[in-house]
Amino acid sequence: MNGERLVLGFESSCDETGVALVALRDHGLPVLLAHALYSQIEMHQAYGGVVPELASRDHIRRILPLTDQVLQASGRSTAALDVVAFTRGPGLAGALLVGAGVACALGAALKRPVLGVHHLEGHLLSPFLSADPPEFPFVALLVSGGHTQLMRVDGVGRYTLLGETIDDAAGEAFDKSAKLLGLGYPGGAALSALAASGDPASHKMPRPLLHSANLDFSFSGLKTAVMLRARKLALERDCAVGDLPQPILADLAASTQSAIVEVLVSKALAALAGTGLKRLVVAGGVGANRLLREQLNVECARRQMRVHYPELGLCTDNGAMIAMAAAMRLQSNAQSASTIYAFDVKPRWPLTEIQVTEC
Ligand code: KG4
Ligand code: ZN
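Values in this document were obtained by computation on a predicted structure and should not be read as measured data. (Residues numbered from 1 in each chain as written. Chains lettered and ligands numbered in written order. Predicted model: local features only at pLDDT ≥ 70, side-chain atom pairs only at ≥ 80, totals over all residues. Heavy atoms only, no water.)

Looking at the pattern of salt bridges
Line of reasoning, step 1. Going through the model one piece at a time under the given rule, you end up with 18 salt bridges.
Line of reasoning, step 2. For the salt bridge of Glu-121 with Arg-329, the shortest nitrogen-to-oxygen distance reads 2.7 Å. With Glu-121 in helix α4 (residues 119-125) and Arg-329 in helix α10 (residues 319-331), this pair connects stretches of sequence that are 208 residues apart. Per residue, the accessibility class of Glu-121 equals that of Arg-329, and both read buried.
Line of reasoning, step 3. With a shortest N-O distance of 3.2 Å, Glu-172 and Lys-176 are connected by a salt bridge. Of the two residues, Glu-172 and Lys-176 are both situated in helix α5 (residues 170-180); the distance of four residues between them amounts to about one turn of the helix.
Line of reasoning, step 4. Of the residues examined, Glu-172 reaches a relative accessible area of 24% and is grouped as partly exposed.
Line of reasoning, step 5. Of the residues examined, Lys-176 reaches a relative accessible area of 30% and is grouped as partly exposed. (Salt bridge = Lys/Arg side-chain N within 4 Å of Asp/Glu carboxyl O. Helix = DSSP H or I, 4+ residues; strand = E, 2+ residues; numbered from the N terminus. Buried < 20%, exposed > 50% of the residue type's maximum accessible area, 1.4 Å probe, protein only.)

Here's the deal with the site of ligand 1
Line of reasoning, step 1. Around ligand 1, 19 residues are found, and the nearest of them are His-123, Gly-145, Asp-175, Gly-285 and Asn-289.
Line of reasoning, step 2. Between an oxygen atom of ligand 1 and a side-chain N or O atom of Asp-175, the distance comes to 2.5 Å.
Line of reasoning, step 3. Here Gly-285 contributes a backbone N or O atom positioned 3.0 Å from an oxygen atom of ligand 1.
Line of reasoning, step 4. Considering ligand 1 on its own, with 560 Å² of exposed area, one finds that the protein chains cover 86% of that surface.
Line of reasoning, step 5. Contributions of two or more residues to the shell around ligand 1 are made by α4, α5 and α6 (188-195).
Line of reasoning, step 6. In terms of residue class, the shell around ligand 1 is made up of five nonpolar, 12 polar and two charged.
Line of reasoning, step 7. Taken domain by domain, the shell around ligand 1 gets at least three of its residues from each of domain 1 (4-125 + 315-350) and domain 2 (136-309). (Near = heavy atom within 4 Å. Polar contact = N/O pair within 3.5 Å; in protein donor to acceptor, adjacent residues only side chain to side chain. Areas by Shrake-Rupley, 256 points an atom, 1.4 Å probe, with all protein chains shown as cover. Nonpolar A, V, L, I, M, F, W, Y, C, P; charged D, E, K, R; others polar. Domains from an automatic or database assignment.)

As for the domain arrangement of the chain
Buried accessible area, meaning the area lost when the parts come together, often serves as the stated size of an interface.
Line of reasoning, step 1. By domain assignment, the chain separates into domain 1 (4-125 + 315-350) and domain 2 (136-309).
Line of reasoning, step 2. The C-alpha centroid of domain 2 is placed 28 Å from the C-alpha centroid of domain 1.
Line of reasoning, step 3. Contact residues are listed per partner, giving 18 residues for domain 1 and 21 residues for domain 2.
Line of reasoning, step 4. Interface of domain 1 and domain 2: buried area, both sides summed, is about 1400 Å²; carbon and sulfur atoms make up 74% of it.
Line of reasoning, step 5. Run the count over domain 1 and domain 2 and you get zero salt bridges.
Line of reasoning, step 6. Put simply, domain 1 and domain 2 have four residue pairs in polar contact (both at pLDDT 80 or more) between them.
Line of reasoning, step 7. Only α1 (41-45), α4 and α10 provide two or more residues apiece to the side of domain 1 that touches domain 2.
Line of reasoning, step 8. Considering every element that reaches the side of domain 1 that touches domain 2, the biggest residue donor is α4, with five residues.
Line of reasoning, step 9. Its residues assigned to classes, the side of domain 1 that touches domain 2 shows nine nonpolar, six polar and three charged. (Contact = heavy atoms within 4.5 Å. Buried area = accessible area lost by both parts, 1.4 Å probe.)

If you want it as structure tokens, here you go:
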């Protein structure tokens with residue numbers, strides 16, 4: 001490989017439209033040149049969750065202006081692009097089709113190859129965009145709105161599943177609890193902000209599978225516990241849950257957050273101990289959680305282990321992680337880009353199905 005190759009990446013798997021340009025050079029990690037993001041959260045908030053059809057239509061509206069924005073910010077033209085990457089799955093089928101369709105149309109028009117990326121691989125490799133990138137091998141704690149997994153990562157495309165949730169994801173536990181407390185959608189960040197003024201020991205919330213022998217998680221019981229506790233408190237005051245006094249809601253939020261975080265920290269440490277690895281990578285939206293970061297920092301430092309995170313702004317969905325994952329797959333020869341523009345998307349797609357040789 002000679003000089004620089006430019007990889008444009010599209011993310012459209014759910015409710016964020018992301019576009020980014022990454023430069024792949026002969027040596028060193030790929031470098032992010034520019035990225036642009038549009039979050040649809042405000043639009044979906046009125047419905048209490050993501051409306052797939054509205055999401056697809058909005059991706060169509062945003063994706064080209066965001067692409068122009070990225071090209072302008074990086075001072076590059078479409079003619080300079082070498083590869084066009086997109087999120088192939090998992091995610092909402094209609095939303096994925098927008099990114100895949102635009103990427104493949106652009107690739108075909110420019111006669112440039114395209115590359116479909118696994119959304120979770122994007123999250124997993126997003127800490128390589130940070131000022132403190134990890135080195136392989138490491139344990140990855142993937143905590144997003146739809147997934148909670150512990151993986152052993154030996155290199156790009158070399159992923160071994162160590163454990164995962166058997167029901168709700170950690171982000172889902174945050175979101176569902178937040179909704180119960182009247183904090184809107186998606187409520188992870190709001191619940192965490194409210195928890196800052198609450199007492200985490202005020203309510204004893206369940207810590208599912210905390211002491212199980214394996215590395216699996218279960219969060220569905222937690223939301224039921226939060227619901228029952230909140231309803232009891234509301235009944236005592238003869239009011240709706242959302243109308244409970246702020247300090248009471250803050251105590252509930254803090255107790256809920258501390259239960260989720262304790263389980264995540266404990267299982268991540270068990271995965272490090274079990275694999276003998278000394279490095280942990282945390283990725284996905286819940287990786288933005290302050291308490292989780294604080295506790296992992298303390299526990300890992302105590303064990304002389306390193307913990308790496310994506311930049312705060314790149315924890316939730318974005319185009320930079322997709323362009324980066326594509327560039328790293330190309331760089332490590334895990335995948336080559338394709339000039340077949342008849343695309344498909346994979347709404348359900350286990351990360352462990354990605355083979356190093358898959359094209
Ligand atoms: O990775 P992501 O953008 O989407 C998926 O791929 O699913 O993650 C979104 C999830 C949501 O559940 C959101 O509530 C959660 O990340 N989240 C947080 C925080 N910021 C986002 N959860 C807890 N604390 C936060 N600060
Ligand atoms: Zn995501």
